[in-house]
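The lines below spell out each chain.
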Amino acid sequence: MLAAVLAGCSSSSITSTTLSDSEIEAIQSRVETRYPDLSFDKQRSVTQLVVRSLDNMVRIEGGSFMMGEIKVPCEPGSEQLCNTDYDRDNDFQHKVTLDDYALSKYETTIADFDLFRALQGKEPYEKEIREREGRQSLFEANKPAWTKNWQEPKNYCTWIGELAGRSVDLPTEAQWEFAARNRGKNVLHATDNGEIDLGRNYRDEGAGSKNRTVGSFPPNPLGLYDLNGNAAEWVNDVYSENYYKQSPEFNPRGPKEGDSHVIRGGTNLDSPRFSTT
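This is a predicted model, so every value here is computed, not measured.

Caption draft 1: Spatial organisation of the overall build of the protein. Along its length, the protein carries 7 helices and 8 strands. Here the protein holds 277 residues, and the buried ones make up 44% of them.

Caption draft 2: Representation of helix H5 (residues 151-164). Here H5 spans 20 Å end to end across 14 residues, near enough to the 20 Å set by a 1.5 Å rise per residue. With 10 of 14 residues buried, H5 lies mostly within the body of the structure. Buried residues in H5 make contact with helix H1 (21-34), helix H2 (40-55), helix H3 (110-119) and strand E7 (233-238). Gly-165, located one to two residues past H5, shows a positive phi value of around 75 degrees.

Caption draft 3: Region of interest: the nonpolar core. Grouped together as the largest cluster of nonpolar side chains are 20 residues, with contacts concentrated most on Ile-27, Val-46, Tyr-156, Trp-159 and Leu-163. At the level of secondary structure, the elements contributing two or more residues to this core comprise H1, H2, H3 and H5. Residues Val-96, Ala-174, Val-235 and Val-262 belong to the second largest nonpolar core, which totals 19 residues.

Caption draft 4: Structural detail: H1. With 14 residues, H1 extends 20 Å from end C-alpha to end C-alpha; this agrees with the ideal 20 Å at 1.5 Å per step. All of the buried residues along H1 are Ile-24, Ile-27, Gln-28 and Val-31. Seen end-on, H1 carries its buried residues on one side only, within an arc spanning 100 degrees. Close packing links the buried residues of H1 with H2 and H5.

Caption draft 5: Summary view of the pattern of salt bridges. Using the criterion set out here, one finds 13 salt bridges in the structure. Between Arg-34 and Glu-162 there is a salt bridge, and its shortest N-O distance comes to 2.6 Å. Note that Arg-34 is positioned in helix H1 and Glu-162 in helix H5, a separation of 128 residues in sequence. One salt bridge connects Glu-152 with Arg-117, and the closest N-O pair in it is separated by 2.6 Å. Taken as a pair, Glu-152 in helix H5 and Arg-117 in helix H3 lie far apart in primary sequence, 35 residues in all. Each member of the pair Glu-152 and Arg-117 is classed as buried. Where salt bridges share partners, they join Glu-173, Glu-177, Arg-181 and Arg-264 into one cluster.

Caption draft 6: How the structure looks around the packing of H3 against H5. Where H3 meets H5, the closest approach of the two axes is 11 Å, and the angle between their N-to-C directions is 85 degrees. With respect to each other, H3 and H5 are oriented roughly perpendicular. Between H3, through Asp-112, Phe-113, Phe-116, Arg-117 and Leu-119, and H5, the contact on the second element is made entirely by Glu-152, Asn-155, Tyr-156 and Trp-159. Tallied by class, residues from the contact of H3 with H5 come to 5 nonpolar, 1 polar and 3 charged.

Caption draft 7: Spatial organisation of unusual backbone geometry. The residue Arg-183 is not glycine, and still its phi comes out positive at about 65 degrees. Summarising the element assignment, Arg-183 is placed in the loop between helix H6 (173-180) and E7.

Caption draft 8: Looking closely at the packing of aromatic side chains. Overall, the coordinates contain 8 aromatic pairs when judged by the stated rule. Here Tyr-106 and Tyr-225 contribute two aromatic rings whose centre-to-centre distance is 4.9 Å and whose plane-to-plane angle is 20 degrees, an arrangement assigned as stacked. Taken together, the positions of Tyr-106 in the loop between strand E6 (101-104) and H3 and Tyr-225 in the loop between H6 and E7 put the pair 119 residues apart, joining distant regions of the chain. On the basis of relative accessibility, which here comes to 19%, the residue Tyr-225 falls in the buried class. Residues Phe-113 and Tyr-156 carry aromatic rings whose centres are separated by 5.5 Å and whose planes lie at 50 degrees to one another, so their mutual orientation is tilted. Linking Phe-113 in helix H3 with Tyr-156 in helix H5, this pair joins segments that are 43 residues apart in sequence. Here a set of aromatic residues connected by ring pairs shows up, and it is made of Phe-113, Phe-116, Tyr-156 and Trp-159.

Caption draft 9: Region of the structure containing the environment of Glu-25. The residue Glu-25 is located in helix H1 in this model. Along the primary structure Glu-25 and Ile-14 are separated by 11 residues, whereas in three dimensions their C-alpha atoms are 9.4 Å apart.

The rules behind each value
For every chain, the first residue of the written sequence is number 1, and numbering continues from 1 along that sequence. The predicted nature of this model means local features are confined to residues of pLDDT at least 70 and side-chain atom pairs, given and counted, to a pLDDT of 80 or more, with totals for whole chains, interfaces and linings taken over all residues. Only heavy atoms go into the side-chain values, all of them from the structure, while hydrogens and water stay out. Secondary structure is summarised from DSSP: a helix means a run of H or I of at least four residues, a strand means a run of E of at least two, and numbering begins at the N terminus for each. Remark: exposure states derive from per-residue accessible area (1.4 Å probe, protein chains only) relative to the maximum for the residue type, with buried under 20%, exposed over 50%, and partly exposed in between. In this scheme, a helix's expected span is set at 1.5 Å multiplied by one less than its residue total. Contacts: residue pairs with any heavy atoms within 4.5 Å of one another. What is meant by a nonpolar core is a set of buried Ala, Val, Leu, Ile, Met, Phe, Trp, Tyr and Cys residues, joined one to another through side-chain atoms within 4.5 Å. In this description, the arc belongs to the directions extending from the helix axis to the C-beta atoms. Put simply, a salt bridge is a Lys or Arg side-chain nitrogen that is within 4 Å of an Asp or Glu carboxyl oxygen. Between N-to-C directions, angles cover 0 to 180 degrees, with each direction set by a line fitted to C-alpha atoms, over the stretch in contact for helices. Here the word oblique covers every angle except those under 35 degrees (roughly parallel), over 145 (roughly antiparallel) and from 65 to 115 (roughly perpendicular). For this classification, the nonpolar set comprises Ala, Val, Leu, Ile, Met, Phe, Trp, Tyr, Cys and Pro, the charged set comprises Asp, Glu, Lys and Arg, and every other residue, Gly included, is treated as polar. Aromatic pairs are defined between Phe, Tyr and Trp rings, using the six-membered ring for Trp, whenever the two ring centres lie within 6.5 Å; interplanar angles under 30 degrees are classed as stacked, those over 60 as edge-to-face, and all others as tilted.

The following block contains the structure:
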């Protein structure tokens, strides 16, 4: 989201909806150079991961929007407006203008992140828990990846970029919100219609808190899945409670330093009411 040029193999053995054969061959070459001791099958798996990740990118046309609390009627039909959540550090609305960018339509899966960790000589995340009775369903291959900290997904994105020969990184908080709100519209929930329809575009209340396979519910109008529920997403920004008041207008990237990073989106532990954009 590898193998080097594979002797006796054509790039057509790995297919892509967006890349040419020569671009796939270039990825294969980078993989072989970086991982010369990998088996043919493992190199191919890494190549497929990178190609699939690029295929999953959705181009987002940039533009301007008012980032921050959008407020909604306190009651249906009411003219009085209330905040959409209890967080106070996102209350300050401020104009943001973004260049075009691309964002993956899917959350990273456990299978893909396990492969990335294996290439670093690391065991799968929570290996002992995975082996416990009744816990296997938490770690099914196509469910969202578990991470220990912000640095892991940051490294994963840059690793894909290095093998792809492109700039790939975590999205900024502004990029995440602009996409979740369907290019900055006053959309409260990042679903296909901006509303919560339990069982159709969001899990049923009684369905439990376990993560679902990525892409289980309809995407938002831009074609992005799971920005509303399932797993929350790390973004690139360092966290500061006052940053919204200091943010530049053009392509803000967050504070230069800080002790923690921003997480956006809701999880299946959250009530639908609080899984907002």
